[in-house]
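Chains, contacts and geometry: an overview
Below are the chains, spelled out letter by letter.
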Amino acid sequence: MIALQPFVQDHPESVFVWRTRMASMEEYTPENLTEIGRCVAGDLLCSVDGDPQNFVVKPNICGGPREGEDPSAWRHQPGESTNVDVVRGFLEEMTELGAGPEQITVTEGRSTLDLTHILRYSGYEYMCQELGVRLFNNSLGSYGPDDLNWIDLPQGVVFREIPIVRPVNDPGVDLINIATMKAHGLALTTLSVKNLQGLVAYGYKHFCHHMEILEKGENWYTPEVLSHFHSDLRSVLEPGCRRHQQEDPEWDLRDELYANRACDNLLALRPMINIVEGVLARGGTGYRRGEDVLANTLIAGINPVHVDAVATYLMGQDPDRPNYLRIAAERGFGSRDPFAVEIFLMGEDGPRACEDLREIGRLEVPVTRSSGG
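Description of the structure in this document. Position numbers for residues count from 1 along each chain, tracking the sequence in the order it is written. Given that the model is predicted, a residue must reach a pLDDT of at least 70 before its local features are reported, and side-chain atom pairs must reach 80 or more before they are shown or counted; all residues, however, enter totals for whole chains, interfaces and linings. Note: side-chain values were computed over all heavy atoms of the structure, leaving out hydrogens and water.

Side note on unusual backbone geometry
Cis rather than trans, the peptide bond between Arg166 and Pro167 has omega equal to 15°. Located in the positive-phi region is Arg21, a residue other than glycine, with phi close to 60°. Helix and strand definitions follow DSSP, with helices as H or I runs of at least four residues and strands as E runs of at least two, each counted in order from the N terminus. Topologically, Arg21 is positioned in the loop between strand S2 (15-19) and helix H2 (30-44).

As for the packing of helix H10 (residues 253-268) against helix H12 (residues 323-330)
Fitted lines through C-alpha atoms give the axes, limited to the stretch in contact for helices. The angle between two N-to-C directions lies from 0 to 180 degrees. At a minimum axis separation of 8 Å, H10 and H12 run at an interaxial angle of 60°. The angle between H10 and H12 places the two elements in the oblique class. Pair H10 / H12 crosses with right-handed handedness. Side by side, H10 and H12 meet where Asp255, Glu256, Tyr258, Ala259, Asn260 and Cys263 of the first sit next to Asn323, Tyr324, Ile327 and Ala328 of the second. Gly is put with the polar residues, along with every residue not named as nonpolar or charged; the nonpolar set is Ala, Val, Leu, Ile, Met, Phe, Trp, Tyr, Cys and Pro, and the charged set is Asp, Glu, Lys and Arg. Its residues placed into classes, the contact of H10 with H12 shows 6 nonpolar, 2 polar and 2 charged. An angle below 35 degrees is read as roughly parallel, one above 145 as roughly antiparallel, one from 65 to 115 as roughly perpendicular, and any other as oblique. By convention the crossing between two helices is left-handed if the near helix lies anticlockwise of the far one by an angle smaller than a right angle, and right-handed if it lies clockwise. In this analysis, two residues are considered to be in contact whenever any of their non-hydrogen atoms come within 4.5 Å of each other.

A few points about the packing of aromatic side chains
Side-chain rings of Phe, Tyr and Trp, where Trp is taken by its six-membered ring, are said to pair if the distance between their centres is within 6.5 Å; with planes under 30 degrees apart they count as stacked, over 60 as edge-to-face, and otherwise as tilted. Under the definition given, this model contains 9 aromatic pairs. Both rings, one in Phe7 and one in Phe344, keep their centres 4.9 Å apart while their planes meet at 80°; by these two values the pair is edge-to-face. Placement of Phe7 in helix H1 (residues 6-9) and of Phe344 in strand S13 (residues 343-347) is noted, with a sequence separation of 337 residues between them. A residue is classified by how much of its surface remains accessible, and Phe7, at 32% relative accessible area, is partly exposed. Note on classification: 1.4 Å probe, protein chains only; a residue is buried when its accessible area is under 20% of the maximum for its type, exposed when over 50%, partly exposed between these limits.

Here's the deal with the nonpolar core
Proteins that are soluble and globular tend to have nonpolar side chains buried together. Residues belong to a common nonpolar core when they are buried Ala, Val, Leu, Ile, Met, Phe, Trp, Tyr or Cys residues joined through side-chain atoms within 4.5 Å. Core analysis: the largest hydrophobic core is formed by 70 residues, its most contacted members being Met181, Phe229, Tyr258, Ile299 and Ile343. One finds Ile2, Phe55, Leu97 and Leu115 within the second-largest nonpolar core, a separate group that totals 44 residues.

Thoughts on empty space enclosed by the protein
Using only the protein atoms, space was sampled on a 1 Å grid; points where a 1.4 Å probe fits but cannot get out form cavities, open sets with protein on both sides within 12 Å along at least five of seven lines form pockets, and lining residues are those with an atom within 4 Å of a point. Grid points are joined across faces, edges and corners, and a volume is the space filled by probe spheres set on the points. In total, this model carries 2 cavities of 30 Å³ or more according to the counting rule given. Looking at the largest cavity, its volume works out to about 40 Å³. If you trace the largest cavity, you find it lined by Gly37, Val40, Val86, Phe90, Ile178, Ile275, Glu277 and Leu298. Secondary-structure elements contributing two or more residues to the lining of the largest cavity are H2, helix H3 (84-96) and strand S11 (273-282). Tallied by class, residues from the lining of the largest cavity come to 6 nonpolar, 1 polar and 1 charged. Looking at the second largest cavity, its volume works out to about 30 Å³. Surrounding the second largest cavity, Val56, Thr105, Thr107, Phe136, Asn138, Val165, Arg166, Pro167 and Val168 form its lining.

Looking at the pattern of salt bridges
Any Lys or Arg side-chain nitrogen found within 4 Å of a carboxyl oxygen on Asp or Glu counts as a salt bridge. Taken as a whole, this structure holds 18 salt bridges when the rule is applied. In this structure, the salt-bridge partner of Arg234 is Glu215, at a minimum N-O distance of 2.8 Å. Of this pair, Arg234 sits in helix H9 (residues 233-247) while Glu215 sits in helix H7 (residues 211-216), and the two are 19 residues apart along the sequence. Note that Arg243 and Glu330 form a salt bridge whose closest N and O atoms lie 3.4 Å from each other. Placement of the pair is Arg243 in helix H9 and Glu330 in helix H12, with a sequence separation of 87 residues. Exposure remark for Arg243: the relative accessible area of 40% places this residue in the partly exposed category. Residues participating in the shared-partner salt-bridge network are Glu212, Glu215, Arg234 and Glu238.

Laid out in structure tokens, this is it:
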């Protein structure tokens, strides 16, 4: 059985930071990245007595040709996805600790049904085949009655209940969330909280949509889908939106809707550990508009809000600005103030308390906010 290291378990609200110190992209090699993944897994996980469990590992696998584009002309941008070799090293260390390949599922799901090209060109298809672990695209055109775990959300603001694609939330299944460090046009930073969005069933996972799309019943929002949302969302969300606009003039109803959907999802999912892989970070909007930055940083913790608050700060951004961190703090998921979070620097000699977050140093990962939110 695999468990979190006792030190990590004893610090559920703390954040752990690794600096990899690559001098240039010449050192950004599969061998070095694999070793980083093994190191992080070894620092976080250990083997203990007990019944074996299954694991779902959720990286952020992003990019790919859009509908109508020639796939042969598309080129993968490394910073858009969690580095496949870091994940490889993490999985290799898990098998060394006793997890059999048949116990591990690597999954991703996006607003596009066909992920063939991105899974192939990001390297995940080959890596999973080589290690013998299952690679599962959880965005299906339709789901059977046994494909989903429906989670009731008594405290949900947008969702009354939310469908999580199995095997996530099955008994005896632990979730490991491995996001990438990336900018985002709406959320400003897309880290561990947003990465969990990819575990929601297709048709429900499209958190970034405008309110008007839901109200008109466009795209995926059939009466059946909308029956799992709270009614009259506009009247529910507009008071909070007006209040937030007084603090942030750029805030709009799309921010309010997205951030509360993301936080509703936190009610449904409890990862064993949340990791932000930032050996390479992606600026701009995080997708087609932006550049990769050698960031030499990995961040982990049990509380995804604390992980993302610290990661946002280290990216050079103000943690008060991302909409989901503001709403998460208001709804009691954690603090968005990175200076209020206990931080440990990870090294060969084990965890060392960080006395001042500024000693780690901040990056310059530019963020481009999308028009209209």
